[in-house]
Amino acid sequence: MTDTDWGALAQHWLERLAACSEPGPGVTRLPFTPEHRAALAVLVALMEQAGLAVHLDDAGTLIGRLDGPTGAPTLILGSHQDSVREGGGYDGIMGVVLPVLTLMKLQQAGVALPFAVEVMAFADEEGVRFPTALMGPRALAGTFDMAALDMRDRDGVSLRRAMEEFGLNPDTLPGLRRDPAQVLGWVEIHLEQGPILEAAGQNIGIVTSICGIERHMVTFTGKAAHAGTVPMHLRRDALAGAAELTLAAESQAREFDGLLATVGALQVRPGVVNAVPGEVAMTLEIRAPDDTQREKAGVTLCRIAHGIAKQRGLGLEITRTYAQAATPCSPQIIDRLVKAVEAGNRPAATRIASGATHDTSAMAGLCSVGMLFVACRDGISHHPDEHVEPAAMAAGILTLERFLRQLQ
Ligand code: HGY
Ligand code: MN
Ligand code: MN
Ligand code: MN
């Protein structure tokens, strides 16, 4: 098979996987749902075709394993199966398909690696359904906080119940912890989700580090009232407080280079045209390459929220639901990935710091980590128009193949 064939094969499997989606534009595949179940069936078929031994662990991570010599350590590859709402067909899932095809290619070439390889499809990286994420890699690293099992989705279903209904036993998560001595490292392939590689005319880039992130659930409580009978000065409007905090987050982030703050989701009650909003639950997300700067912004915004609540006579509850520190990639893995990219007289590899977050950050709690970016069209991601050229995916397979052969 030529590189073109491998790119086309990747595209074929990704189209099948993109069909595992809620109806509507793009791909919507949230964890522990029928769409997740459907995607697992496709991934099992792919992994079995590649000769991998497949199982689902109790975090909902699908694992395809290619054994190495007895007692040899394991290199772990993979990414996440879930998408955002109305997202694209490459974010996460491409990082499961490409490594499986790479292993298929190596086996077709008769190469037996001197170590075991596992390809993982984690259940939840986006944190869209539940206000937490990364339970798969965190379980492997032993950093998963069991209290997160009580978190609920917007329909009131707890993470624990969603997992149990999916056939998993969340009580056994602590037992998924891996022995670091048995793990060689982790490498994730992911679309860039930005425009740098395309502008540089390159298919593949090397990630140097991943930004840190924290998410808060903020609830302002006022008093719902008739929109026509309660004068302005007697209102306790929860949405007006939420709006003020949203603008404060924007100006706080604009003040510091590299700091990003986003209010991405609001639930307004009663949420009708003719009632003063009595309650607003809002998400507040903060990212920065520098953890100290991010933590400081989080503390400042919480203080500002309390000031707004006091001034407006609103109740306020803030819960930090999720945080992940900034992660440097391993210099040794970066070196090897650079060699794999530059092999065969190709131009110098582009190095990129990631402003999107990834499973890689949580895997860093277990082992050395590295990450490859694949160019995407117009830098578009988290959008139905997300697209990666098959030729770029073929370059991803080739780079990973070279990296694996080098490790022999
Ligand atoms: O939100 C992110 O950065 C990622 O795509 N999960
Ligand atoms: Mn994403
Ligand atoms: Mn992703
Ligand atoms: Mn991501």
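In the annotation of an unreviewed UniProt entry, the entry for the chain reads M20 family metallo-hydrolase, and the organism field reads Roseinatronobacter domitianus. Quoted straight from UniProt, the Cofactor (unreviewed entry) entry for the chain says "Mn(2+)".

1. Describing the overall build of the chain
Secondary structure summary: the chain contains 11 helices and 16 strands in total. Seen through its C-alpha atoms, the chain measures out along the principal axes to roughly 80 × 45 × 40 Å. By the burial criterion, 49% of the 408 residues in the chain qualify as buried. Taking the intrachain contacts of the chain between residues at least 6 apart in sequence as the baseline, contacts between residues at least 24 apart amount to 77%.

2. Observations regarding the site of ligand 1
Inspection of the region around ligand 1 gives E125, E126, A356 and T357 as its neighbouring residues. Partitioning the shell around ligand 1 into residue classes produces one nonpolar, one polar and two charged.

3. Some points on the packing of helix α9 (residues 331-342) against helix α11 (residues 390-406)
In contact at an axis separation of 8 Å, α9 and α11 are set at 125° when each is read in the N-to-C sense. Between α9 and α11, the angle is such that the two are oblique. Remark: the crossing between α9 and α11 carries right-handed chirality. Each of R336, L337, K339, A340 and V341 in α9 lies in contact with α11, whose residues at this interface are T399, R402, F403 and Q406.

4. Focus on helix α7 (residues 238-255)
With 18 residues, α7 extends 26 Å between its outermost C-alpha atoms, agreeing within 8% with the 26 Å of an ideal straight helix rising 1.5 Å per residue. Regarding α7, the residues found buried are A238, G241, A242, L245 and A249. An end-on view of α7 places all buried positions within 95° of arc, on one side of the element. Exposed residues pointing more than 90 degrees away from the buried face of α7 are listed as L247, E250, S251, R254 and E255. Its buried side turned inward, α7 meets β7 (212-221), β9 (260-262), β10 (266-269), β12 (279-288) and α8 (291-312).

5. A short note on unusual backbone geometry
Peptide bonds are, in most cases, trans, and in most cases residues other than glycine have a negative phi. Residues R269 and P270 are joined by a peptide bond in cis, for which omega reads 0°. Looking at the element boundaries, P270 is found in the loop between β10 and β11 (275-276). For F32, which is not glycine, the phi torsion reads 60° and is therefore positive. Along the chain, F32 falls in the loop between α1 (3-18) and α2 (34-49). When the 24 C-beta atoms within 10 Å are taken as the criterion, F32 is described as buried. The backbone of Q193 shows a phi angle near 65°, a positive value even though the residue is not glycine. Tracing the sequence through the fold places Q193 in the loop between β5 (183-191) and α6 (196-200). According to the C-beta neighbour criterion, Q193 is buried, with 20 such atoms within 10 Å.

6. Some words on α1
Compared with the 22 Å implied by 1.5 Å per residue over 16 residues, the 22 Å span of α1 between its first and last C-alpha is a close match. In the core, the buried residues of α1 are packed alongside α2, α3 (94-108) and α11.

7. Brief notes about the domain arrangement of the chain
Structurally, the chain comprises domain 1 (3-211 + 326-406) and domain 2 (213-324). For domain 1 versus domain 2, the distance between C-alpha centres works out to 33 Å. Listed by partner, the interface residues are 15 residues for domain 1 and 12 residues for domain 2. Residues that form the side of domain 1 that touches domain 2 fall into these classes: eight nonpolar, six polar and one charged.

8. A look at the environment of M146
Along the polypeptide, M146 turns up in the loop between α4 (135-141) and α5 (159-165). The class of M146 is partly exposed, set by 13 C-beta atoms lying within 10 Å. Considered as a pair, M146 and R160 are 14 residues apart in the sequence and their alpha carbons are 9.5 Å apart.

9. Considering the nonpolar core
A general trend in soluble globular proteins is that nonpolar side chains are found buried together. Within the largest apolar cluster, 116 residues are counted, with the highest numbers of intra-cluster contacts made by M94, V97, V100 and V374. Looking at this core, you find at least three residues from each of domain 1 (3-211 + 326-406) and domain 2 (213-324). Those residues in contact with M94 that sit more than four places away from it in its chain are L14, I189, L191, V388 and M393.

10. Some remarks on the packing of α3 against α11
It is at 9 Å that the axes of α3 and α11 come closest, and there the two elements cross at 55°. Classified by the angle their axes make, α3 and α11 are oblique. Every pair of crossing elements has a handedness; the one defined by α3 and α11 is right-handed. Contact residues: M94, L98, P99, L101, T102, K105 and L106 in α3; M393, G396, I397, L400, E401 and L404 in α11. Tallied by class, the residues present in the contact of α3 with α11 amount to nine nonpolar, two polar and two charged.

11. Notes on the pairing of β5
Burial analysis of β5 places eight of its nine residues in the buried class, the great majority of the element. Looking at chain direction, strand β3 (residues 74-80) and β5 are connected through four bridges and run parallel. The partner of L75 across the bridge, within β5, is G185. As judged from the six bridges shared by β5 and strand β16 (residues 369-374), these two strands associate in the parallel manner. By the bridge assignment for β16, E188 is matched with M371.

Basis of the calculations
Numbering of residues starts from 1 in every chain and runs along the sequence as written. Here chains are named by letter from A upward and ligands by number from 1 upward, in the order in which they appear as written. Owing to the predicted nature of the model, reporting of local features is limited to residues with pLDDT of at least 70; listing and counting of side-chain atom pairs is limited to 80 or more, with chain, interface and lining totals taken over all residues. UniProt positions are given in the numbering used here, feature names are shortened, and annotations may be inferred rather than shown by experiment. Only DSSP runs of H or I reaching four residues or more are called helices, and only runs of E reaching two or more are called strands; each is numbered from the N terminus. The burial criterion counts other C-beta atoms lying within 10 Å of a residue's C-beta, which is placed from the backbone; the residue is buried at 20 or more, exposed at 12 or fewer, and partly exposed between these limits. Contact between two residues is assigned whenever their backbone-derived C-beta positions fall within 7 Å. By definition, a residue lies near a molecule or strand provided its backbone-derived C-beta atom is within 6 Å of it. Amino acids outside the nonpolar list (Ala, Val, Leu, Ile, Met, Phe, Trp, Tyr, Cys, Pro) and the charged list (Asp, Glu, Lys, Arg) are all regarded as polar, and Gly is one of them. Only the stretch in contact is used when fitting a helix axis, every axis being a line fitted to C-alpha atoms; angles between N-to-C directions are given from 0 to 180 degrees. Put simply, angles under 35 degrees are roughly parallel, angles over 145 are roughly antiparallel, angles from 65 to 115 are roughly perpendicular, and the rest are oblique. Crossing handedness follows the turn of the near helix against the far one: under a right angle anticlockwise gives a left-handed crossing, and clockwise gives a right-handed one. What a helix should span is 1.5 Å times the count of its residues minus one. It is the directions from the helix axis to the C-beta atoms whose arc is reported. Annotation comment: domain bounds sourced from an automatic or database domain assignment. Here a nonpolar core is just a set of buried residues of the types Ala, Val, Leu, Ile, Met, Phe, Trp, Tyr and Cys, joined wherever their C-beta atoms sit within 7 Å. Note: two strands are recorded as paired if DSSP finds a minimum of 2 bridges between them.

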